[in-house]
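Remarks on the overall topology
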Amino acid sequence: MSLVRGALGYWMVAGFVLLAAVPFLPYRDAPIYGTQAIPVLCFVILALGLNVVVGYTGLLHLGIAAFFGIGAYTAGVLTTTAFPFGSSFVVVAVASALTAAAVGVATTAPTLRLRGDYLALVTLGFGLITIYVIRNLAAITDGTQGLTPVAPDFFPGIDDPVLPKSRPGWNNSWRKYPYLYYLCLGLLAVVVVFLRNLERSRLGRAWVALREDELAASCMGLNPARLKLSAIALGAGLAGLAGALFAVSQNGTTEPKAYGFERSMIALCCVILGGLGNRPGVILGVVLLVGYDQILTPLLDNWLQAQKLNPNGKEYLKVSGWRLCIFGLALILMMRLRPEGLLPSARQKRELHPEQDEAAGEAAARAEVAGHEAGGAARA
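An account of the accompanying structure is given in this report. Since we're looking at a predicted model, the values are computed, not measured.

Parameters and conventions
- Residues numbered from 1 in each chain as written.
- Predicted model: local features only at pLDDT ≥ 70, side-chain atom pairs only at ≥ 80, totals over all residues.
- Heavy atoms only, no water.
- Phe/Tyr/Trp six-rings, centres within 6.5 Å; stacked < 30°, edge-to-face > 60°.
- Helix = DSSP H or I, 4+ residues; strand = E, 2+ residues; numbered from the N terminus.
- Buried < 20%, exposed > 50% of the residue type's maximum accessible area, 1.4 Å probe, protein only.
- Contact = heavy atoms within 4.5 Å.
- Polar contact = N/O pair within 3.5 Å; in protein donor to acceptor, adjacent residues only side chain to side chain.
- Patch = residues over 30% accessible without salt bridge, like charges linked within 9 Å, V, L, I, M, F, W, Y side chains within 5 Å.
- Areas by Shrake-Rupley, 256 points an atom, 1.4 Å probe, with all protein chains shown as cover.
- Salt bridge = Lys/Arg side-chain N within 4 Å of Asp/Glu carboxyl O.
- Lys, Arg positive; Asp, Glu negative; His and termini not counted.
- Charge placed at Lys NZ, Arg CZ, Asp CG, Glu CD.

Re the packing of aromatic side chains
- Within the structure shown, the criterion is met by 19 aromatic pairs.
- Taking the centre distance of 5.4 Å and the plane angle of 45° together, the rings of phenylalanine 68 and phenylalanine 246 count as tilted. Of the two residues, phenylalanine 68 sits in helix α4 (residues 64-79) while phenylalanine 246 sits in helix α11 (residues 224-250), which places them 178 residues apart along the sequence.
- Classification of phenylalanine 68 as buried rests on a relative accessible area of 0%.
- Phenylalanine 246 gets classed as buried once you look at its relative accessible area, which sits at 6%.
- When the centroid spacing of 4.7 Å and the interplanar angle of 80° are considered together, the rings of phenylalanine 154 and phenylalanine 155 count as edge-to-face.
- Among the aromatic residues, those joined into a ring-pair cluster are Phe43, Phe68, Tyr73, Phe246 and Tyr259.

What to know about the environment of serine 230
- Note that serine 230 resides in helix α11.
- Taking the relative accessible area as the measure of exposure, serine 230 reaches 23% and is therefore partly exposed.
- Along the primary structure serine 230 and threonine 57 are separated by 173 residues, whereas in three dimensions their C-alpha atoms are 10.0 Å apart.
- The contact partners of serine 230, leaving out residues within four places of it in the chain, are Leu203 and Trp207.

Focus on the side chain of threonine 130
- With respect to the element layout, threonine 130 can be found in helix α6 (residues 116-136).
- For threonine 130, a relative accessible area of 9% corresponds to the buried category.
- Not counting chain neighbours up to four residues away, the residues in contact with threonine 130 comprise Ala66 and Ile70.

What to know about the side chain of lysine 228
- With respect to the secondary-structure elements, lysine 228 resides in helix α11.
- What makes lysine 228 buried here is its relative accessible area of 4%.
- Among the polar contacts made by the side chain of lysine 228, one reaches the side chain of glutamate 214 at a distance of 3.4 Å.

Details of unusual backbone geometry
- A cis geometry characterises the amide bond from threonine 148 onward to proline 149, with omega recorded as -5°.
- Position of proline 149 among the secondary structure elements: in the loop between α7 (138-141) and α8 (179-199).
- With an omega of 5°, the peptide bond between tyrosine 177 and proline 178 qualifies as cis.
- Of note in this structure, asparagine 251 is not a glycine but carries a positive phi near 60°.
- Looking at the element boundaries, asparagine 251 is found in the loop between α11 and α12 (261-274).
- Judged by relative accessible area, which is 30%, asparagine 251 ranks as partly exposed.

With respect to a positive patch on the surface
- On the surface, Arg196, Arg200, Arg205 and Arg347 cluster together to form a positively charged patch.
- For arginine 200, the position within the fold is in the loop between α8 and α9 (202-212).

Printed below as a string of C-alpha cells:
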C-alpha cells in the first residue's frame, strides 16, 4: 500500500514529463493538438489562481475572468503598435500580474465585511462591469475588436533569436509552437511548486483556518482582512499572468466576451469538479472540461465528418453542439455521486463525508472498550 501511495504521489511529475514529450511525438497531427493545448495550460494557471481564493480561503468569487481580461489587455496595451511602450514579454508578464493583483485588492478592500452569497454577488458585478468598461473604452481597448498584434520580444532590449525548426510543424519564434508551449508548461510547473510550498507555509495554514471558521481564526490572533486581501491579490495576479500568456498565444486580446461570466463559471466548475483546495484536482478538472472543449470536441467532430456520419455538418449531429448539455450533466452527476470532486483534499473529503469520521470514531471506541474488557478478564 505504501508503494502504491508513493507512486501516486509522483503522478504529477510523470504528467509533466509526458506533456514535455508531446512535441517530439511522431504523430503527424501532434503540432496541431500541441498548439490547441497552449490555451488549456493558460486556463490551468487561471483555475489555480481561483483555487487560492475559493479552495484555500473559502471566498466564493464569480469574477475571476475579469482579472484574466485585465492581464490580457495590459499585455495588449504594453505591446501593440498603437501605443508607444513596446515592452518585452518579461515586463508584460510582471506588469499584467501586478496590475490584476492591484485591481483585485482595490475592488475587494471595500467589501471585506461581506461573506458568502453577498460577496459572490459583488464579484459577479465586478466581472460584468469590467467587460462593460473594456467594450466601451474603444480608444484604449479597440472596443469589440480587441488589441492586436500582441507580439513582444522576450527580453527587453534584445531581439528575438531565430530558433531551430527541428521537426515538422515547429516554428522558429518563441511565440509559436513548440516554444510557447514549453514556456506555458514551465510557468505552470513554477506556479504548482510555488503554491505547494505556500500551502504548507504559515500563510497557507492561516488561509485554511480562515476558511474553516473566521471567528475562531480572528480569536487566535489572525487578521481576516489581511488574509482575504492576500488571497485575492495572489489569485488575481495568477489570473493576470494567465491572461498575458493567453494574449500572446492568440496574438491579440480577442473579443471582450472571452473574459465574461461564462469564463468565470467554467473556471469555477473546473475547481469544483477536480476538488476544492487540491492542486492536482484542479489541474485534472481543467484537463477534463477545457481539454474536452478545446481538443477532444473538434477531434470528435472531425472524426464524424471523416466517417460521413454528419456529411452536411448539421449542428445537432456535432459533439460541440451538445457540449453545454454534457457539462451540465457531468456537474449534476458529480454533485450527486461525488460532491467533494474527483481528487479532493483530505480535509474537504472529511467535511463532506462526516459519516466516515463518525464510523471510524465508533470503531475506535468499540476497540477501546473491548481492550478494557479483555484486560479486566485477564486480571480476573
